[in-house]
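# Coordinates in review
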Amino acid sequence: MSATLLGSCINSQFSQRTSISNTDSNTGDETCAPEIEEIEFGISPSESQENLKTHWAPFLAAMEAELGRPVIAFYATDYAGVIEAMGANKLQLAWYGGKAYIEAAKRSNAEAFTRTVNSNGTQGYYSHLITNVANPIINEVDLQEGTGDRYIVDHAAELTFAFNDPNSTSGFLVPTYYIFARNRMNPNEAFKELIFAGSHEATALAVVNNQVDVATNNSETLTMLEKSDPETRAKIQVIWTSPVIPTEPIAYRKDLPSCLKEQISSFFYNYKDVTVLEPLGWSGFVPAEDKDWNTIRELEIAKDILEVQNNQALSTEEKQQQINQLEQQLEELQS
């Protein structure tokens, strides 16, 4: 997605940010970055804003109390909004998906410093394809083996399909590579109808309400849905599961004062309140660095290589030139 398209989201979305603080909040330690009077935290749209605010408010309040300065929550309506807001220096912190983070690191001065740990202690999650339990598709799929990807490839022209967001890792990048690029399919052309629902919650509801036959989702969202709305979760059938994906990064701007980076990272590394973390699906945080998401970068490049190889509009020479450039990027990552 181009920078222009990303930028089109930011002005309308940023008005949706909400303050967690009171107006008389402590402005913090005057010896550490007194010019930064508040921390603005971007939150990616994994579910509805109403649910996000409910789940995040206690955690952000705890952060505010620890840092001694207001924490302002920016609930974006799409992943692009968080990327662009940090690039415009309107955010100091953000919770990203892996694909959105590598875009933000490239163009928005983002630097990952921690990653989430799931409630069960694991540090990975999975992309899924899901359908309604009443959809006849499930009679054609080996549910134990998760062969829904093969069914999709063979019957795409008969199906309606929903991605999450173009900057989503599990809701777009992972299924695009493993299911479509590797099978030389263009999802924009293959399906009877293709939509971008906007969030994992939205794709789940699209399947439950029979608005689409198949949609992308992930294990984290389905686990949370099992707890918050088991009746809705019971209507969803997983038909394909990806290889493991690293858990989500939290990043601050690279140019934050080092003392503030230390305060922020210390808060995350030491925060253990289960009653606050459990609704978010987490048990805590571990230190991380930018290279931890090189696997996502490699996946993005591999997807691009396959798309070039399958592009019939390019000459052999043009294909080779573009592939050489992409392979050079891959070598640089792996060196």
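Residues numbered from 1 in each chain as written. Predicted model: local features only at pLDDT ≥ 70, side-chain atom pairs only at ≥ 80, totals over all residues. Heavy atoms only, no water.

What follows deals with the overall build of the protein chain. Along the protein chain, the regular secondary structure elements total 14 helices and 14 strands. C-alpha atoms of the protein chain, sized along the principal axes, occupy 60 × 50 × 35 Å. When burial is assessed residue by residue, the protein chain has 54% of its 335 residues classed as buried. Sequence separation of at least 24 residues holds for 80% of the intrachain contacts in the protein chain that already meet a minimum separation of 6. Carbon and sulfur atoms provide 45% of the accessible area of the protein chain, an area that totals close to 14900 Å². Within the protein chain, the 47 negative side-chain charges are centred at a point lying 3 Å from the centre of the 23 positive side-chain charges. (Helix = DSSP H or I, 4+ residues; strand = E, 2+ residues; numbered from the N terminus. Buried < 20%, exposed > 50% of the residue type's maximum accessible area, 1.4 Å probe, protein only. Contact = heavy atoms within 4.5 Å. Areas by Shrake-Rupley, 256 points an atom, 1.4 Å probe, with all protein chains shown as cover. Lys, Arg positive; Asp, Glu negative; His and termini not counted. Charge placed at Lys NZ, Arg CZ, Asp CG, Glu CD.)

For the rest of this paragraph, the subject is helix H11 (residues 258-270). Taking 1.5 Å of rise per residue, the 13 residues of H11 would be expected to cover 18 Å, and the 18 Å separating its terminal C-alpha atoms lies within 8% of that figure. Tucked inside the fold, the buried residues of H11 contact strand E2 (39-43), helix H2 (49-67), strand E4 (93-95), strand E5 (110-118), strand E13 (249-253) and strand E14 (282-287). (Expected span 1.5 Å × (residues − 1).)

Where burial is concerned, most of helix H4 (residues 98-107) is hidden: eight out of the 10 residues are buried. Every buried residue of H4 is accounted for by Gly-98, Lys-99, Ala-100, Tyr-101, Ile-102, Glu-103, Ala-104 and Ala-105. Contacts from the buried residues of H4 go to helix H3 (79-87), E5, helix H6 (169-180), E13 and helix H13 (294-309). One or two residues past the end of H4 sits Asn-109, with phi positive at roughly 65°.

Turning our attention to the packing of aromatic side chains. The tally for this structure, following the rule as stated, stands at 26 aromatic pairs. A centroid spacing of 4.9 Å and a plane angle of 75° characterise the contact between Tyr-177 and Tyr-178, whose relative ring orientation is edge-to-face. By the ring-pair criterion, three or more aromatic residues cluster together here, those being Phe-41, Trp-56, Phe-59, Trp-95, Phe-113, Tyr-252, Phe-267, Phe-268, Tyr-271, Trp-282 and Phe-285. (Phe/Tyr/Trp six-rings, centres within 6.5 Å; stacked < 30°, edge-to-face > 60°.)

Another point: the sheet that holds strand E8 (residues 160-163). Strand order in this open sheet of five strands is E9-E8-E10-E7-E11, and the pairing throughout is mixed. At either end of the open sheet lies a strand with only one pairing partner, and these are strand E9 (193-196) and strand E11 (236-241). Between one strand and the next, the sheet's axes are offset by a mean angle of 30°, whatever the strand orientation. Inspection of the sheet shows strand E7 (residues 127-132) paired to E11 by five bridges, in the antiparallel sense. (Pairing = 2+ DSSP bridges. Axes fitted to C-alpha atoms, helices over the stretch in contact; angles between N-to-C directions.)

Our next topic: the layout of surface pockets. Of the pockets and cavities examined, the largest pocket occupies roughly 810 Å³. Looking at the largest pocket, it is lined by 43 residues, and the ones nearest its centre are Glu-220, Thr-221, Thr-223, Met-224 and Leu-280. Secondary structure elements with two or more residues in the lining of the largest pocket: H2, strand E6 (124-125), H6, helix H8 (200-208) and helix H9 (219-228). In terms of residue count, the dominant contributor to the lining of the largest pocket is H9 (eight residues). Counted by class, the lining of the largest pocket contains 15 nonpolar, 21 polar and seven charged residues. Computed from the structure, the second largest pocket encloses a volume of approximately 560 Å³. Lining of the second largest pocket is provided by 22 residues; of these, Phe-172, Thr-176, Asn-188, Lys-303 and Glu-307 occupy positions nearest its centre. Of all elements in the fold, only H4, H6, helix H7 (187-190) and H13 reach the threshold of two or more residues within the lining of the second largest pocket. A per-element tally of the lining of the second largest pocket places H13 first, with four residues. (1 Å grid on protein atoms, 1.4 Å probe; cavity = no way out; pocket = protein on both sides within 12 Å on 5 of 7 lines; lining within 4 Å. Points joined across faces, edges and corners; volume = space filled by probe spheres on them. Nonpolar A, V, L, I, M, F, W, Y, C, P; charged D, E, K, R; others polar.)

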